[in-house]
Amino acid sequence: MSEFLLLYRLPAGSPDMPDSPRRMQERLQRWRAWFGELEAKGHLKSLGHPLESGGAVVKDGGGTVHDGPYAESKDILIGYSVVEARDLAAARLLAAGCPVLAYGGMVEVRPIRQM
Amino acid sequence: MTAALPDEHFFRRESGRLVATLTRVLGVHHLALAEDAVQETLAAAVEVWAFRGLPDNPSAWLMAAARNRAISLLRRERTARRFAPELGRSADAEAPAEPRPQGRLPEALRDDELRMMFSCSHPDISEDAQVALVLSLLCGFSAQEVAGAFLVSRAAMEKRLTRAKKVLSGSTTLFELGARDFHGRLAAVHRALYLLFNEGYHGACPDAVVRLDLCREAMRLVALLVAHAPAATPASHALAALMALHAARLPARLDEAGDLTDLARQDRSRWDAGLIARGLELLEASARGEVVSEYHLEAAIAATHALAPTAEQTPWGEIVELYDALLRVRPSPVVALNRAVALAEHQGPARGLEALGAMQGSERLSGYPFYPAALGELELRLGRATEARKHFRTAYRLARNPAESRFLERRLAECEARLAPR
């Protein structure tokens, strides 16, 4: 079994939120159902966290600070989780069920380096 | 992990409560800001709850979050005004105090929703727009969803809502429940909720789920009236009774195939006994006053149907009398049509046809499929299938949704079967 980091991304400037409470609730239910299924099947290593869109990027020995972490990126990282799967192909299959795909987002699947 | 949400309408209901409360706290001129704050709060809840599950008290969580969100929006707005004073109108004079933190008071929340309901029924807002406004502000429908429910374009609905919200946010304060014109305004609220329910029950929207939602929302809001002393008038009870008694028939109104079934052919064992009992209770409670409102009469008609074991055993004479009384209170061609149909049951199809022919204002029903359908039905009973087919064809052309079309198709097939050579 290997571990994979799932990074949930949305294109910058995408209308990422539905405008009606009913649709918002549907979205929430889809996420809960998806996490629930990952957990029930023993894939969920760490639920991870949702991320705010703001923040800062510090570089050049602290000399340069950007306002947003995504200043140079086309996507916004909206959250992450850690899952366990047999191999990358299996992890990709898990990611294919992620609700973010239904509203224009994507999931980056990154194997966690083992010692 | 926490289980799913309390019920599928949780967000929608909370949205209405939050908008109503924030609007009271911030002042009605900040209606748009309150709506933005609620929208952003629900969006944030989706992201946080997706990962962490629901908090112990989701309603209190949302209220606290919405209040904070509103404060930060207000700050941002004030900052914007400071740096661009020409954008803001006399900034500090109209800036409200920041919302005070307060505990969760179900009573106050209920009042907020009531006050918002009364505020939406503003005399300067048309009846149609009042219903749209209630759906938008109290029932958490997006402009797109309201537009879908009324079968108008999203752009037209947005315009209607924007105009109505401008009137609302231009009023100095939300409607005071103790105000002198309380009873006048209550009548407008009744009317708006009645229209909302009817749009769900008879409306043109082809999506049965949407229509059911409209009925459910109307019933939720009328329950607020009944639960709140100054608004719990006999007419409020009668309106609630009327909705419960009609809603009781919903499970039988659409058969297994999703097809419309008329009252006479409905499987009465599928009527919701709980809702009938509740409706009768409410009707009983509505009989306290002196005034017999149109809602009393409609509820009484629905109760008479609900209590009849079969269509044949319905006391049609009583129904006709109730329609006569209803026509005196609220003359309308639809009421006259229903009276004629009841009269046909009571005294035979020929009398019914006579009444339909003599109806005042039947030309106003030129777009209403059930006028020609009633003519067709009675002609068919008199054995005149050719005449009947002509009327059903007219009705079919006027059908407003697939359920109506299929219903009328079946009636046309019945005519053809009668006309076929044996």
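Residues numbered from 1 in each chain as written. Chains lettered and ligands numbered in written order. Predicted model: local features only at pLDDT ≥ 70, side-chain atom pairs only at ≥ 80, totals over all residues. Heavy atoms only, no water.

Draft legend 1. How the structure looks around the overall build of chain A. Within chain A, the secondary structure is distributed over two helices and six strands. Mapped in sequence order, the helices and strands of chain A form the string β-α-β-β-β-β-α-β. Within chain A, the fraction of its 115 residues that count as buried is 37%. Across chain A, every contact between residues at least 6 apart in sequence was considered, and the portion connecting residues at least 24 apart equals 73%. Within the structure as shown, chain A displays about 6600 Å² of accessible surface, and the carbon and sulfur contribution to it stands at 52%. (Helix = DSSP H or I, 4+ residues; strand = E, 2+ residues; numbered from the N terminus. Buried < 20%, exposed > 50% of the residue type's maximum accessible area, 1.4 Å probe, protein only. Contact = heavy atoms within 4.5 Å. Areas by Shrake-Rupley, 256 points an atom, 1.4 Å probe, with all protein chains shown as cover.)

Draft legend 2. The arrangement of the interface of chain B and chain A in detail. Every contact between the two is made by 26 residues of chain B and, on the other side, 27 residues of chain A. The contact between chain B and chain A buries some 2300 Å² in all, and 63% of this surface belongs to carbon and sulfur atoms. Between the two partners, chain B and chain A, sit one salt bridge. Here Arg22 of chain A makes a salt bridge to Glu145 of chain B, at a shortest N to O gap of 3.3 Å. Taken together, the connections running from chain B to chain A amount to seven residue pairs in polar contact (both at pLDDT 80 or more). Only α1 (10-26) and α2 (31-52) of chain B provide two or more residues apiece to the side of chain B that touches chain A. (Buried area = accessible area lost by both parts, 1.4 Å probe. Salt bridge = Lys/Arg side-chain N within 4 Å of Asp/Glu carboxyl O. Polar contact = N/O pair within 3.5 Å; in protein donor to acceptor, adjacent residues only side chain to side chain.)

Draft legend 3. Looking closely at the pattern of salt bridges. The final tally for this structure, using the stated rule, is 37 salt bridges over all chains. For Arg23 of chain A, the salt bridge identified is with Glu26 of chain A, shortest N-O distance 3.4 Å. Within this pair, Arg23 of chain A and its partner Glu26 of chain A are both found in helix α1 (residues 21-40), separated by three residues, close to a single helical turn. Assessed through its relative accessible area of 40%, Arg23 of chain A is described here as partly exposed. For Glu26 of chain A, a relative accessible area of 25% corresponds to the partly exposed category. Overlapping salt bridges, with partners in common, bring together Arg22, Arg23 and Glu26 of chain A together with Arg12, Glu145, Asp213 and Arg216 of chain B in one network.

Draft legend 4. Structural context of the pairing of strand β5 (residues 75-85) of chain A. Residues and elements named next belong to chain A. With eight of its 11 residues buried, β5 lies for the most part within the structure. For strand β1 (residues 2-11) and β5, the ladder comprises 10 bridges, and the chain directions are antiparallel. Across the sheet, residue Tyr8 finds its bridge partner in β5, namely Gly79. Strand direction decides the pairing type here: strand β2 (residues 44-50) and β5, joined by four bridges, are antiparallel. For His49, the partnering residue across the bridge sits in β5 and is Tyr80. (Pairing = 2+ DSSP bridges.)

Draft legend 5. Here's a closer look at the packing of aromatic side chains. With the rule as written, the count across this model stands at 17 aromatic pairs over all chains. Ring geometry for Phe35 of chain A versus Phe51 of chain B: centroids 5.2 Å apart, planes at 55°, classification tilted. With Phe35 of chain A in helix α1 and Phe51 of chain B in helix α2, the pair connects residues from two separate chains. For the pair shown, Phe35 of chain A and Phe51 of chain B are each scored as buried. When the ring of Tyr368 of chain B is compared with that of Phe370 of chain B, the centres are 5.8 Å apart and the planes differ by 65°; the resulting orientation is edge-to-face. (Phe/Tyr/Trp six-rings, centres within 6.5 Å; stacked < 30°, edge-to-face > 60°.)

Draft legend 6. Seen up close, the sheet that holds β5 of chain A. Residues and elements named next belong to chain A. The antiparallel open sheet is built from four strands, whose spatial order is β2-β5-β1-β6. Single-partner strands in this sheet number two, and they are β2 and β6 (106-111). Across this sheet, the average inter-strand angle for adjacent strands is 20°, counted without regard to direction. Examined bridge by bridge, β1 and β6 share six bridges and lie antiparallel to one another. The partner of Leu7 across the bridge, within β6, is Glu108. With respect to the sheet, helix α2 (residues 88-95) is in contact with β1, β5 and β6, its orientation differing from that of β5 by roughly 125°. (Axes fitted to C-alpha atoms, helices over the stretch in contact; angles between N-to-C directions.)

Draft legend 7. Examining the side chain of His43 of chain A more closely. Residue placement: His43 of chain A occurs in the loop between α1 and β2. Residues in contact with His43 of chain A, not counting those within four places in the same chain, are Leu38, Val82, Val83, Glu84 and Leu94 of chain A.

Draft legend 8. View of helix α16 (residues 333-347) of chain B. Residue and element names in this part refer to chain B. Relative to the 21 Å expected for 15 residues at 1.5 Å per residue, α16 spans 20 Å between its end C-alpha atoms, a close match to the ideal helical length. Residues of α16 that are buried: Pro333, Val335, Ala336, Leu337, Ala340, Ala342, Leu343 and Ala344. Of the residues that open α16, the one with a side-chain oxygen 3.2 Å from the backbone nitrogen of Val334 is Ser332. Gly348, located one to two residues past α16, shows a positive phi value of around 105°. (Expected span 1.5 Å × (residues − 1).)

Draft legend 9. Examining the nonpolar core more closely. Core analysis: the largest hydrophobic core is formed by 120 residues, its most contacted members being Tyr8 of chain A together with Phe11, Met116, Phe118, Leu193 and Leu225 of chain B. Per-element accounting of this core gives the leading share, 12 residues, to α2 of chain B. Not counting chain neighbours up to four residues away, the residues in contact with Phe11 of chain B comprise Pro21, Met24, Gln25 and Leu28 of chain A together with Leu5, Leu42, Ala45, Val46 and Trp49 of chain B. Core analysis: the second largest hydrophobic core is formed by 27 residues, Ala336, Leu337, Ala344 and Ala374 of chain B among them. (Core = buried A, V, L, I, M, F, W, Y, C linked by side-chain atoms within 4.5 Å.)

Draft legend 10. Geometry of α1 of chain B. Residues and elements named next belong to chain B. Spanning 17 residues, α1 covers 24 Å between terminal C-alpha atoms, matching the ideal 24 Å at 1.5 Å per step. Across the 17 residues of α1, 13 count as buried, placing the element largely inside the fold. Downstream of α1 by a residue or two, Gly27 has a phi angle that is positive, lying close to 100°.

Draft legend 11. Molecular detail of the packing of helix α15 (residues 316-329) of chain B against α16 of chain B. All names here are of chain B. Contact geometry of α15 with α16 gives a least axis separation of 9 Å together with a crossing angle of 160°. One way to sum up the angle between α15 and α16 is to call them roughly antiparallel. Two packed elements cross with a definite hand, and for α15 against α16 that hand is left-handed. Facing α15, whose interface residues are Trp316, Gly317, Ile319, Val320, Tyr323, Asp324, Leu326 and Leu327, α16 presents Val335, Ala336, Asn338, Arg339, Ala342, Leu343, Glu345 and His346. Grouping the amino acids of the contact of α15 with α16 by side-chain chemistry returns 10 nonpolar, three polar and three charged. (Parallel < 35°, antiparallel > 145°, perpendicular 65-115°, else oblique. Left-handed = near helix turned anticlockwise from the far one by under 90°. Nonpolar A, V, L, I, M, F, W, Y, C, P; charged D, E, K, R; others polar.)

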